Amino acid sequence: MKLSEDYRTRPIRFLELWEIDEWRLKVYGITYTEDVLDQTLVDAARQVTSERLRESALQTNHYAVGFVGIHQGKTGNFVFVDWWADENELHHHVYVSPSEDPSMLEYMTPSGLTACAWDLFLIGHERDAWVNHVLKQSEAPSLEDYLSDKLNDNV
């Protein structure tokens with residue numbers, strides 16, 4: 001089976017820490033090319049993140065920390081909003097928009113769509129950071145160390 005395109009690395013970069021209400025979320029950008037993320041997409045990602053936290057996170061025993069991935073892909077955009085709850089559970093919510101209209105993010109989690117290969121790399125890093133700084137440190141877990149553990153890579 002021949003794939004339609006040869007593999008090419010994509011940069012995954014920590015952008016900033018968002019503080020939304022009591023939440024602190026690491027925000028990452030992933031791009032198909034070396035281009036900077038479209039600001040319209042970043043703004044839309046922040047909006048859906050705020051909405052999702054207000055709608056869903058109140059129903060969980062959470063730590064008010066997590067991460068957001070903003071992936072400007074080849075044919076569309078993906079945004080995922082993740083937070084840690086109940087000691088070791090990751091809550092994951094996915095949105096998609098067309099390349100030509102990045103502000104039109106549509107909630108896709110009920111469809112079963114989870115992540116692409118690059119998104120999973122970032123999620124894997126965040127899982128390891130949570131295990132190392134929180135779960136393995138049961139006597140003195142450090143949310144600050146978790147938030148300071150940031151990924152910057154080309155994969």
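Residues numbered from 1 in each chain as written. Predicted model: local features only at pLDDT ≥ 70, side-chain atom pairs only at ≥ 80, totals over all residues. Heavy atoms only, no water.

## A look at the sheet that holds strand β1 (residues 11–20)
Whether parallel or antiparallel, the strands of a sheet pair through hydrogen bonds between backbone atoms. Read across the open sheet, the seven strands follow the order β6-β5-β4-β3-β2-β1-β7; overall the sheet is mixed. Edge strands, defined here as strands with exactly one partner in the open sheet, are β6 (106–107) and β7 (153–154). Across eight bridges, the pairing between β1 and strand β2 (residues 23–31) is antiparallel. What sits directly across from Trp 18, in β2, is Leu 25. Sheet contacts for helix α1 (residues 39–56): β1, β2, β3 (62–72), β4 (76–85), β5 (89–98) and β6; angle to β1, the most-contacted strand, approximately 50°. Here helix α2 (residues 117–133) sits on the sheet and contacts β1, β2, β3, β4, β5 and β7; the angle it forms with β2, its principal contact strand, is near 145°. (Pairing = 2+ DSSP bridges. Helix = DSSP H or I, 4+ residues; strand = E, 2+ residues; numbered from the N terminus. Contact = heavy atoms within 4.5 Å. Axes fitted to C-alpha atoms, helices over the stretch in contact; angles between N-to-C directions.)

## Some details on the packing of aromatic side chains
Tallying each qualifying case throughout the model produces eight aromatic pairs. Their ring planes at 80° and their centres at 5.9 Å tell us that Phe 14 and Tyr 28 sit as a pair that is edge-to-face. With Phe 14 in strand β1 and Tyr 28 in strand β2, this residue pair connects regions lying 14 residues apart in the sequence. With relative accessibility at 0%, the residue Tyr 28 sits in the buried group. Where Trp 23 meets Trp 83, the ring centres are 5.9 Å apart and the plane angle is 65°; that geometry is what we call edge-to-face. Taken together, the positions of Trp 23 in strand β2 and Trp 83 in strand β4 put the pair 60 residues apart, joining distant regions of the chain. (Phe/Tyr/Trp six-rings, centres within 6.5 Å; stacked < 30°, edge-to-face > 60°. Buried < 20%, exposed > 50% of the residue type's maximum accessible area, 1.4 Å probe, protein only.)

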